[in-house]
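Descriptive analysis of the structure
Spelled out, the chains give:
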Amino acid sequence: MSEALSAHPIPAPAADAPDQAGPTDEEIRSAWQQPLVLGLAAAVAIGTLLQLGLDAHGVIGAGFAATLVALAAIDIEYRVIPNRIVLPATAAVLVLQLAFYPDHAAEWLAASFGAALFLFVPLLVFPAGLGMGDVKLALLLGAMLGRDVIPALLVGFLSLWPVAIYLIAAHGWEARKEKVPLGPALAFGGILVLLLSG
């Protein structure tokens, strides 16, 4: 019996097992701390302040927009929207919105959870096309935009079409099977609608 056991040793865990858990904190930081990403986030934040004004709405919006740029960069790099960023950002936006604009509390809360539910239902039906990170990102969009989250989601989904057309034109019909990260599209829709809504 002992010889049989020694002839078939218990295999050691695969060396790449930790990678299956997703990117590390250091990898996530490296994705959004690249000079290009930081520069774009700063430019978007400043542009948001200039557009919305130097009041509570403008400051909250600037932080929101800069966070979306960082999340988009991470999603492009690793196909993940990390909880450690999107959930605290959502909580901060909701707390600030409720503190400065309590009269719109019902709108912020309904839009936040409604947008998340809007993406969560398709996730149950077609899990390969969406991720829980996208659902949590919708939660953040609703917390900031209120009822304007509806056009933001629409713009985000529509902005995927040029990408899809390019991929098919460049790589053929098989490119339709490629998974395109939704986070950057939702971030684009959220920032654009925020700036246009004033």
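This one's a predicted model, so the numbers in the text were calculated from it and none came from an experiment. (Residues numbered from 1 in each chain as written. Predicted model: local features only at pLDDT ≥ 70, side-chain atom pairs only at ≥ 80, totals over all residues. Heavy atoms only, no water.)

Turning next to the overall build of the protein chain. Each helix and strand counted, the protein chain has ten helices and zero strands in total. The linear arrangement of helices and strands in the protein chain, starting from the amino end, is α-α-α-α-α-α-α-α-α-α. In the protein chain, which comprises 198 residues, the proportion classed as buried is 36%. Of the roughly 11,500 Å² of accessible surface on the protein chain, a fraction of 70% belongs to carbon and sulfur atoms. (Helix = DSSP H or I, 4+ residues; strand = E, 2+ residues; numbered from the N terminus. Buried < 20%, exposed > 50% of the residue type's maximum accessible area, 1.4 Å probe, protein only. Areas by Shrake-Rupley, 256 points an atom, 1.4 Å probe, with all protein chains shown as cover.)

This part covers the confidence of the model for the protein chain. Looking at the protein chain as a whole, the pLDDT averages 84, with 80% of positions reaching at least 70. Within the model, the stretch residues 1–19 combines pLDDT values under 50 with zero contacts to residues more than four positions away or in other chains. (pLDDT = per-residue confidence, 0-100. Contact = heavy atoms within 4.5 Å.)

The subject of this paragraph is the side chain of Glu 107. Locating Glu 107 in the fold gives a position in helix α6 (residues 105–125). Looking at Glu 107, its side chain comes within polar contact range of the main-chain nitrogen of Arg 147, at 3.0 Å. Once residues within four sequence positions are removed from consideration, Glu 107 is found in contact with Leu 145, Gly 146 and Arg 147. (Polar contact = N/O pair within 3.5 Å; in protein donor to acceptor, adjacent residues only side chain to side chain.)

Turning next to the packing of α6 against helix α8 (residues 149–158). Any two packed helices are characterised by the angle at which their axes cross and by the distance between the axes. One way to put it is that α6 packs onto α8 with a least axis distance of 10 Å and a crossing angle of 30 degrees. By the criterion of interaxial angle, the relationship of α6 to α8 is roughly parallel. Of the two possible hands of crossing, α6 and α8 adopt the one that is right-handed. Each of Ala 111, Ala 115, Phe 118 and Leu 119 in α6 lies in contact with α8, whose residues at this interface are Val 149, Leu 153 and Phe 157. Of the residues that constitute the contact of α6 with α8, the class distribution is seven nonpolar, no polar and no charged. (Axes fitted to C-alpha atoms, helices over the stretch in contact; angles between N-to-C directions. Parallel < 35°, antiparallel > 145°, perpendicular 65-115°, else oblique. Left-handed = near helix turned anticlockwise from the far one by under 90°. Nonpolar A, V, L, I, M, F, W, Y, C, P; charged D, E, K, R; others polar.)

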